[in-house]
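# Coordinates in review
Spelled out from the first residue to the last, the chains are:
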Amino acid sequence: MSSKTSIVSGCGLVVVLCSMTSAAAPALQSSPHHCSGAAMEQAPKLLAFHFGPDSRIEIDKAARALAPIRNPANRAQRLDVLEVWGHIYKGQYRMRFIYARSPQDCVLVGQEILEYASF
């Protein structure tokens, strides 16, 4: 086999693998986390708790599920993490809501807020 043939075959393999990956990508996206609604409901409360009531509070329309984390009290258990972005005037805030893993209930066990800013 000549070097030109092997390069062309290699390029063909890359094209096939890329097309397989892009075709499988929609299948990997699952439905929203069952606690997304609870996180979206909690987000304006968390912003108002930290900054007081403000009519300029806005919350993004979607909660994003992040990688689960280990429960610090029991390393065998995992906790689900949902990220929601909020805004007050020109400030952006990343909020993460930590839920106990339960197929039906949404038990909030932790939350964090961080201003998205560069100093």
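Please read these numbers as outputs of a predicted model, since none were measured by experiment.

## Looking at the state of the cysteines
In a disulfide, the sulfur atoms of two cysteines are covalently bonded to one another. Tallied over the full model, the rule gives one disulfide. A sulfur-sulfur separation of 2.2 Å characterises the disulfide bridge that pairs Cys 35 with Cys 106. Taking the sign of the S-S torsion, -100 degrees for the link of Cys 35 and Cys 106, the bridge is left-handed. Of this pair, Cys 35 sits in the loop between α1 (3-28) and α2 (36-51) while Cys 106 sits in the loop between β4 (91-100) and β5 (107-115), placing them 71 residues apart in sequence. A relative accessible area of 0% means that Cys 35 is categorised as buried. Cys 106 gets classed as partly exposed once you look at its relative accessible area, which sits at 32%.

## Topic: the confidence of the model for the protein chain
Mean pLDDT for the protein chain: 82, with 75% of residues reaching 70 or above. Of all secondary-structure elements in the protein chain, the lowest mean pLDDT belongs to α1, at 43, while β4 reaches the highest, 97. Confidence over residues 7-28 falls short of pLDDT 50; this stretch has zero contacts with residues more than four positions distant or in other chains.

## Some points on the environment of Val 107
Relative to the assigned elements, Val 107 resides in strand β5. For Val 107, a relative accessible area of 39% puts it in the partly exposed group. Residues Val 107 and Cys 35, 72 residues apart in the sequence, show an inter-C-alpha distance of 8.8 Å. Not counting residues up to four positions away in its chain, the partners in contact with Val 107 are Ile 98, Tyr 99 and Ala 100.

The rules behind each value
- Residues numbered from 1 in each chain as written.
- Predicted model: local features only at pLDDT ≥ 70, side-chain atom pairs only at ≥ 80, totals over all residues.
- Heavy atoms only, no water.
- Disulfide = S-S within 2.5 Å.
- Helix = DSSP H or I, 4+ residues; strand = E, 2+ residues; numbered from the N terminus.
- Buried < 20%, exposed > 50% of the residue type's maximum accessible area, 1.4 Å probe, protein only.
- pLDDT = per-residue confidence, 0-100.
- Contact = heavy atoms within 4.5 Å.

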